[in-house]
Amino acid sequence: AVTIFEVGAHLLEREDADAAAIVLRALVQDGVRLVLGCKIGSVARDASGGRVVHYESPDGAGSIVVDEIIVAAGRAPNVEDVGREAAGVAFQAGRGIQVDDHLRTTNPRIFAVGDCCMAWKFTHAADAAAKIAVQNALFFGRKKLSALVMPWCTYTDPELAHVGLSAREAAERGVEVDTYTVGLEHVDRAICDGEDEGFVRIHARKGTDRIAGATIVASHAGEMLNLVTAAMTAGIGMGRLAGTIFPYPTQSDAIKAASNQYMRTRLTPGVKRLFETFLRWRR
């Protein structure tokens, strides 16, 4: 039996609401109890050695006896006793070591990467940033952290994977996008696998096939997202994805189906009339 206490009103607040809702439904179906919008008051041991968690939620105060407690409160940079003050390396509370877009600290001879200075607190993000730092520090490079196309995945079941801009982030930045969504209930392999709860959603910059971001909810969303991430990194648009042959059947067919949605938008009324005229002439 598992209970999740969350201070916020939702889980996975950075993700699309309908994507997060699919994961939440799966957790509940698995028997996980969710207590949202709650505050932990105290934790103590009872006479039998169990851990008693006292909390307050929108439904009132409560308590629960548990065997184990996992605290998932995120990460905070540990920069104590490393001599950064003497080296002139600035630190901002809540943000970490101060670096520029080239990962150079306020001491031009010192670079920093990873959880101590980056908003992306992922192993793969630190690995990618380390390569930038090495090139910039040792080989006079001008690589930028902001140029990275950074994916991430939440390893629930189903998984929730994301890269680039969401619709909300695009709106906040004034970036207009066209959105193409394919539910897994329309993907043959997902149906056969009994894994048809989820979707592939791709955002393209409005009027183009240039991919601005994507969200995938699927059993192996992290694996599926790699194709979209590679396309964004290489500047490959949805048109070329639509023209790529995918082996049938795979759940990645949803990515091609979304790309085909884009291709259908190119058949404007004017183009349709032109084709009709051409085909009548051919007859």
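These notes cover the structure that comes with them. (Residues numbered from 1 in each chain as written. Predicted model: local features only at pLDDT ≥ 70, side-chain atom pairs only at ≥ 80, totals over all residues. Heavy atoms only, no water.)

The first and last C-alpha atoms of helix α1 (residues 17–29) sit 18 Å apart over 13 residues, in line with the 18 Å expected at 1.5 Å per residue. Every buried residue of α1 is listed here: A19, A20, I22, V23, L24, A26 and L27. Buried residues belonging to α1 abut β1 (3–6), β2 (33–36), β9 (159–164), β11 (199–205) and β12 (211–218). Downstream of α1 by a residue or two, G31 has a phi angle that is positive, lying close to 95°. (Helix = DSSP H or I, 4+ residues; strand = E, 2+ residues; numbered from the N terminus. Expected span 1.5 Å × (residues − 1). Buried < 20%, exposed > 50% of the residue type's maximum accessible area, 1.4 Å probe, protein only. Contact = heavy atoms within 4.5 Å.)

On to the packing of aromatic side chains, then. Each aromatic ring pair is described using two quantities: the centre-to-centre distance and the angle formed by the ring planes. On inspection of all chains with the given rule, the structure shows three aromatic pairs. When the centroid spacing of 6.0 Å and the interplanar angle of 25° are considered together, the rings of F122 and W152 count as stacked. Here F122, found in the loop between β7 (96–97) and α3 (123–138), pairs with W152, found in strand β8 (residues 151–154); they are 30 residues apart in sequence, far enough to count as distant. An angle of 85° between the planes, with centres 6.2 Å apart, marks the rings of Y180 and Y262 as edge-to-face. One end of the pair, Y180, is in strand β10 (residues 177–183); the other, Y262, is in helix α8 (residues 253–265), and 82 residues separate them in sequence. Of the two residues, Y180 and Y262, both sit in the buried class. (Phe/Tyr/Trp six-rings, centres within 6.5 Å; stacked < 30°, edge-to-face > 60°.)

Reading across the sheet, the three strands line up as β3-β4-β5 and stay open at both edges, with antiparallel pairing between neighbours. Since the sheet does not close on itself, it has two edges, and those belong to β3 (39–45) and β5 (60–66), each with one partner. For this sheet, the mean inter-axis angle between neighbouring strands, taken without regard to orientation, is 20°. Sheet analysis places β3 next to strand β4 (residues 51–57), joined by six bridges and oriented antiparallel. Across the sheet, S42 pairs through a bridge with H54, a residue of β4. (Pairing = 2+ DSSP bridges. Axes fitted to C-alpha atoms, helices over the stretch in contact; angles between N-to-C directions.)

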